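Observations on chain architecture
For reference, the chains in residue letters:
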Amino acid sequence: MIEEKLQQAISQGLKELYDIDAEPKSVTLQSTRKDFIGDFTVVVFPWVKQARKAPQQMAEELGKKVHELLPEVVESNAEKGFLNFVIGDSYWQSLLKEVLATDAYGTKNADSSEAPIVIEYSSPNTNKPLHLGHIRNNLLGWSVAQLLKANGNNVRMVNLVNDRGIHIMKSMLAWMRYGNGETPETSGMKGDHLVGKYYVEFDKHYKKEVEDLMAKGYEEEQAKKEAPLIVEAQSMLKRWEEGDKEMRDLWSMMNGWVYKGFDETYKRLGVGFDKIYYESDTYLLGKELVSKGLEMGVLYKKEDGSVWCDLTDAGLDHKLLLRKDGTSVYMTQDLGTALLRHEDFGTERLVYVVGNEQDYHFQVLKIVMQRLGYQWAENIYHLSYGMVELPNGKMKSREGTVVDADDLISEMEAQAKEMCREKGKNCDMDETSLEALYHTIALGALKYFILKVDPTRNMLFNPAESIDFNGNTGPFIQYTYARIKSIVRKGAEANAVAFDETASQVIGPKEKEVLRLIHDMPSTIAQAAAAYSPAQIANYAYSVAKAFNSFYQDTPILKCENDNLRSFRVALCSAVAQVLKNTMNILGIEVPERM
RNA sequence: GUCCCCAUAGUUCAACGGAUAGAACGAAGGUUUCCUAAACCUUUGAUGUAGGUUCGAUUCCUACUGGGGAUACCA
């Protein structure tokens with residue numbers, strides 16, 4: 001890596017010129033801004049005091065020194081306290097050669113002997129189909145897993161399905177009352193949508209009952225508690241917990257419908273899991289941990305029998321861990337499942353992709369696990385992401401303002417088809433490949449749109465604007481990739497001369513810009529992985545595509561007079577294609593060879 | 001009440017404490033004898049307010065304003 005050599009040389013230069021001790025790693029390099037000449041820049045301000053020199057003079061002296069120490073540096077210039085280095089063309093040529101000789105430049109292979117990182121994402125409830133919020137979760141989870149893999153980590157993806165609780169009882173009850181035995185087969189509906197329909201149905205009737213009670217003089221709160229439907233649902237939950245066969249059978253059947261539906265949606269989204277946990281299996285876990293915590297004295301019991309953890313010394317509140325009747329709560333289960341995963345996978349690194357409304361929950365989880373004696377819990381990482389908002393406000397299932405995942409994907413596909421037809425493209429493709437292409441483009445648009453935004457931020461999803469294939473979008477990158485592949489194909493026909501890295505080329509500014517971006521790929525992946533941020537990868541991929549298009553515009557590639565120069569540029573195209581493919585792959589986006 | 005997150009062009013998004021704050025969409029104009037014009041090039045326009053730290057602040061600290069979330073014996 002040229003950066004390391006530069007850091008080393010600068011460190012040595014500082015020592016020799018001014019007797020300043022600076023660790024090579026502590027020397028921060030940045031890319032030189034476009035308006036200045038150079039490839040890398042170092043800011044000398046931090047050392048001017050120690051060196052007792054004016055910034056300009058110091059930068060000049062240090063530049064000269066580094067130039068002497070490092071043959072790759074062919075030139076340096078100083079501008080105020082900014083010292084710019086120009087790296088010689090031979091370095092860039094050897095970089096290009098290296099990229100072409102590597103399958104997945106910039107990515108590392110995972111060491112399978114190492115303990116894996118376990119990443120939980122998706123975690124749906126089984127009473128309704130997936131919506132836009134789940135899409136962000138799923139895409140983030142999948143992408144971060146790919147990102148960590150690309151950074152050389154051993155990764156396992158898990159899903160914790162929330163398949164029990166009052167919500168599914170509501171759907172079951174409504175189905176028993178109003179369903180007339182309707183099934184996915186008889187209704188032609190996807191299973192998750194069918195169950196979701198009865199969840200809505202429940203809510204409708206339940207609201208009516210509450211209103212009726214309030215008309216009879218009940219307080220709202222009391223009416224909500226005593227409406228016959230909710231009372232019935234609660235008694236069903238009790239029967240379910242006692243193992244009542246009728247309840248269990250109905251529950252299994254309806255959950256089965258939902259899983260089939262989810263599988264379809266996951267498949268369309270291109271996500272998957274190594275292991276799926278069901279809450280019905282795990283909801284009793286964690287109680288032993290609580291007993292252990294009581295013995296250790298890190299938890300305490302109130303007079304009514306409920307168990308708590310005092311987190312006031314950590315700036316938090318008291319947190320309930322067991323109800324007074326001895327049953328577990330959400331937190332108890334998560335303590336149990338964390339330990340379960342630690343045992344299942346031998347992992348000490350857990351990542352949870354969960355919305356930011358649960359920031360508090362995961363803060364507590366981490367602390368409590370540590371207090372229970374699991375030091376590895378400090379590695380628990382909550383990948384907290386913001387809400388997806390719609391132009392007219394928040395998504396509310398009751399108000400019908402949710403964007404259904406399946407509908408959205410279909411809509412995107414239809415739009416992709418429309419766009420392709422308008423442009424009159426791909427006349428030479430058969431119907432099957434075309435359908436696959438529409439899907440690829442639609443998902444590319446959707447995934448990129450969501451992943452390019454920093455996970456922590458709330459984002460606005462405008463259904464109309466999202467289906468835009470211009471500008472900073474997935475299809476723009478896909479299209480750039482397809483064009484490059486086309487150029488490379490033509491290049492191969494036009495000349496069979498292999499790229500000769502020993503021949504001297506004049507590398508122009510546009511070529512340099514592209515090469516520089518290619519060079520940055522490994523460090524970009526490392527940074528993005530450290531930040532768990534696919535957004536950095538997305539924006540990087542876009543800048544590569546953008547730089548390529550700009551480079552292509554005024555640099556002849558196929559019509560080069562010089563055979564060797566042409567093969568050099570075609571080779572550069574191949575390298576860009578590889579970078580685009582590998583980065584898009586991290587985002588879970590396919591790149592088509594033709595479109 | 002307490003705690004957490006967010007605030008950047010008209011809009012949607014960028015910017016390890018570094019140089020003149022970048023893109024895209026929108027608006028106005030231009031470009032095709034290399035691939036596939038879903039492209040390229042011009043022009044337009046922004047750091048919520050007030051302080052502080054620093055050679056240097058969109059970035060770090062404090063207060064305020066505005067938005068979101070959490071603070072459930074729900075999950």
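Residues numbered from 1 in each chain as written. Chains lettered and ligands numbered in written order. Predicted model: local features only at pLDDT ≥ 70, side-chain atom pairs only at ≥ 80, totals over all residues. Heavy atoms only, no water.

Quick notes on the overall build of chain A
Basically, it comes down to this: Working definition: helices are DSSP H or I runs of at least four residues, strands are E runs of at least two. Numbering for both runs from the N terminus. Accessibility here uses a 1.4 Å probe with only protein chains present; expressed as a share of the type maximum, an area under 20% marks a residue as buried, one over 50% as exposed, and anything in between as partly exposed. Contact between two residues is taken to exist if any of their heavy atoms lie within 4.5 Å; hydrogens are not considered. His is not counted here, nor are the chain ends, while Lys and Arg score as positive and Asp and Glu score as negative. To locate a charge, the coordinates of NZ of Lys, CZ of Arg, CG of Asp or CD of Glu are taken.
Broken down by element type, chain A carries 23 helices and 14 strands. Its C-alpha atoms put chain A at 90 × 65 × 45 Å along the principal axes. Looking at the 595 residues of chain A, the share that counts as buried comes to 51%. Restricting the contact set of chain A to residue pairs at least 6 apart, pairs at least 24 apart contribute 74%. Counting 70 positive and 86 negative side-chain charges, chain A places the averaged centre of each group 2 Å from the other.

Some remarks on the state of the cysteines
Stated precisely, the cut-off is as follows: Note on terminology: pairs of cysteine sulfur atoms within 2.5 Å are recorded as disulfides.
If you walk through the whole model with that rule in mind, you get zero disulfides. Cys573 provides the cysteine sulfur closest to Cys560, a residue in no disulfide bond, and the two sulfurs are 10 Å apart. By relative accessible area, which is 8% here, Cys560 ends up buried.

Description of the protein's contact with RNA strand B
To keep things clear, this is the line we draw: Only heavy atoms are used to decide nearness, and a residue is near a molecule or strand if one of them lies within 4 Å of it. Pairs of N or O atoms are called polar contacts if they sit within 3.5 Å, as long as, within protein, a hydrogen donor faces a hydrogen acceptor (for residues adjacent in sequence, only side-chain-to-side-chain pairs). All amino acids are sorted into three groups, where Ala, Val, Leu, Ile, Met, Phe, Trp, Tyr, Cys and Pro are nonpolar, Asp, Glu, Lys and Arg are charged, and the leftover types, Gly among them, are polar.
In the vicinity of RNA strand B there are 57 residues, among which Phe82, Asn162, Asp304, Ser486 and Tyr552 approach most closely. At the protein interface, 59% of the atoms of RNA strand B within 4 Å belong to sugar or phosphate. In this structure, a base nitrogen belonging to RNA strand B sits 3.5 Å away from a side-chain N or O atom of Ser306. Tyr330 places a polar main-chain atom, nitrogen or oxygen, 3.3 Å from a phosphate oxygen of RNA strand B. Broken down by secondary-structure element, the contributors of at least two residues to the surface near RNA strand B are strand S2 (40-43), helix H2 (45-51), strand S4 (82-87), helix H16 (405-423), strand S14 (459-460), helix H19 (474-494) and helix H22 (534-554). In the surface near RNA strand B, the residues fall into 24 nonpolar, 15 polar and 18 charged.

Notes on helix H14 (residues 330-345)
It helps to recall that an α-helix has 3.6 residues per turn; residues three or four apart then point in one direction. The condition is simple: A helix is expected to span 1.5 Å multiplied by its residue count minus one.
The end-to-end C-alpha distance of H14, which contains 16 residues, comes to 22 Å, matching closely the 22 Å that a straight helix rising 1.5 Å per residue would cover. The element H14 is largely enclosed, with a buried count of 12 among its 16 residues. Three or more residues of H14 are buried, namely Met331, Thr332, Gln333, Asp334, Leu335, Gly336, Thr337, Ala338, Leu339, Arg341, His342 and Phe345. With its phi angle positive at about 65°, Gly346 sits one or two positions after the end of H14.

Examining the packing of aromatic side chains
Centre distance and the angle of the planes are the two values used to describe a pair of aromatic rings. Formally: A pair of aromatic rings is counted whenever rings of Phe, Tyr or Trp (Trp by its six-membered ring) have centres within 6.5 Å, and the orientation is called stacked for planes under 30 degrees apart, edge-to-face for over 60 and tilted otherwise.
Using the criterion set out here, one finds 17 aromatic pairs in the structure. Summarising the aromatic geometry, the rings of Trp240 and Tyr283 are spaced 6.0 Å apart at their centres and angled 45° between planes, so their arrangement reads as tilted. Note that Trp240 is positioned in helix H10 (residues 228-241) and Tyr283 in the loop between helix H12 (279-282) and helix H13 (287-296), a separation of 43 residues in sequence. Given a relative accessible area of 0%, Trp240 falls into the buried group. Among the residues examined, Tyr283 registers a relative accessible area of 11% and is labelled buried.

What to know about the environment of Ala174
Relative to the elements of secondary structure, Ala174 occurs in helix H6 (residues 166-178). Once the C-alpha coordinates of Ala174 and Tyr198 are considered, the two residues, 24 residues apart in sequence, prove to be 5.5 Å apart. What Ala174 contacts, discounting residues up to four positions off in sequence, is Gly179, Tyr198, Glu201 and Phe202.

Points about the pattern of salt bridges
Put simply, the test is: The working definition used for a salt bridge is a side-chain nitrogen of Lys or Arg within 4 Å of a carboxyl oxygen of Asp or Glu.
Inspection of every chain in the model, using the stated rule, returns 29 salt bridges. The network of salt bridges with common partners includes Lys190, Asp192, Arg268, Asp406 and Glu413.

Examining the confidence of the model for chain A
Heads up, the condition is: Summary of the metric used: pLDDT quantifies the predictor's per-residue confidence within the range 0 to 100.
Per-residue confidence for chain A gives a mean pLDDT of 91; residues scoring 70 or more make up 96%. The element-level mean pLDDT for chain A is lowest in helix H18 (residues 463-466), coming to 78, with strand S5 (residues 117-120) highest at 97. Per the prediction output, this complex has pTM 0.94; the corresponding ipTM is 0.95.

Some words on the pairing of S4
Residues in a regular strand project their side chains so that they alternate between the two faces of the sheet. Heads up, the rule is: When DSSP finds at least two bridges between two strands, those strands are taken to pair.
Along S4, five of the six residues are buried, which leaves the element largely enclosed by surrounding structure. Here S2 runs beside S4; their pairing, made up of four bridges, is antiparallel. In the strand pairing of S4, Thr41 is matched with Asn84. Relative to S4, strand S3 (residues 73-79) runs antiparallel, the two sharing six bridges. Across the sheet, Ser76 pairs through a bridge with Phe85, a residue of S4. The hairpin turn running from S3 into S4, its antiparallel successor, is two residues long, and Lys80 in that turn takes a positive phi close to 55°.

So, the sheet that holds strand S6 (residues 155-161)
What counts is decided by this rule: Only the contacting stretch of a helix is used when fitting its axis, a line to C-alpha atoms as for every element, and angles between N-to-C directions run 0 to 180 degrees.
In space, the five strands of this open sheet follow the order S7-S6-S5-S11-S12, with parallel pairing throughout. Each end of this open sheet is capped by a strand with a single partner; those strands are strand S7 (275-278) and strand S12 (381-385). Strand after strand, the sheet turns through a mean of 25° between neighbouring axes, direction not considered. In this sheet, S12 lies alongside strand S11 (residues 349-355) in parallel orientation, the contact comprising five bridges. Paired with Val351 across the two strands is Tyr381, which belongs to S12. Helix H5 (residues 132-150) contacts S5, S6, S11 and S12 of the sheet and is inclined by roughly 160° relative to S6. Here helix H15 (residues 359-371) sits on the sheet and contacts S11 and S12; the angle it forms with S11, its principal contact strand, is near 160°.

Section: the layout of surface pockets
Rules: Using a 1 Å grid laid over the protein atoms alone, points where a 1.4 Å probe fits but cannot get out form a cavity; open sets with protein on both sides within 12 Å along at least 5 of 7 lines form a pocket; any residue with an atom within 4 Å of a point counts as lining. Grid points are joined across faces, edges and corners, and a volume is the space filled by probe spheres set on the points.
Of the volumes computed, that of the second largest pocket is approximately 540 Å³. In terms of lining, the second largest pocket is formed by 17 residues, of which the most central are Lys34, Gly38, Pro509, Lys512 and Glu513. Element by element, the count of residues in the lining of the second largest pocket is highest for helix H20 (residues 509-519), at six residues.

Digging into the sheet that holds strand S1 (residues 29-31)
Within the open sheet, the four strands sit side by side as S1-S2-S4-S3. Their pairing is antiparallel. Looking along the sheet, the strands with just one partner apiece sit at the ends: S1 and S3. Going from strand to strand, the sheet's axes swing by 30° on average, the running direction of each strand aside.

So, the packing of H19 against helix H23 (residues 563-586)
Basically, it comes down to this: Definitions for this section: a left-handed crossing has its near helix turned counterclockwise from the far helix by less than a right angle. A right-handed crossing has that turn clockwise.
Running from N to C, H19 and H23 cross one another at 145°; their axes reach a closest spacing of 9 Å. Here H19 and H23 pass one another in a crossing that is left-handed. Here Gly474, Ile477, Gln478, Thr480, Tyr481, Ile484, Lys485, Ile487, Val488 and Gly491 of H19 come into contact with H23, specifically with Val570, Cys573, Ser574, Val576, Ala577, Leu580, Lys581 and Met584. For the contact of H19 with H23, the per-class residue count stands at 11 nonpolar, five polar and two charged.

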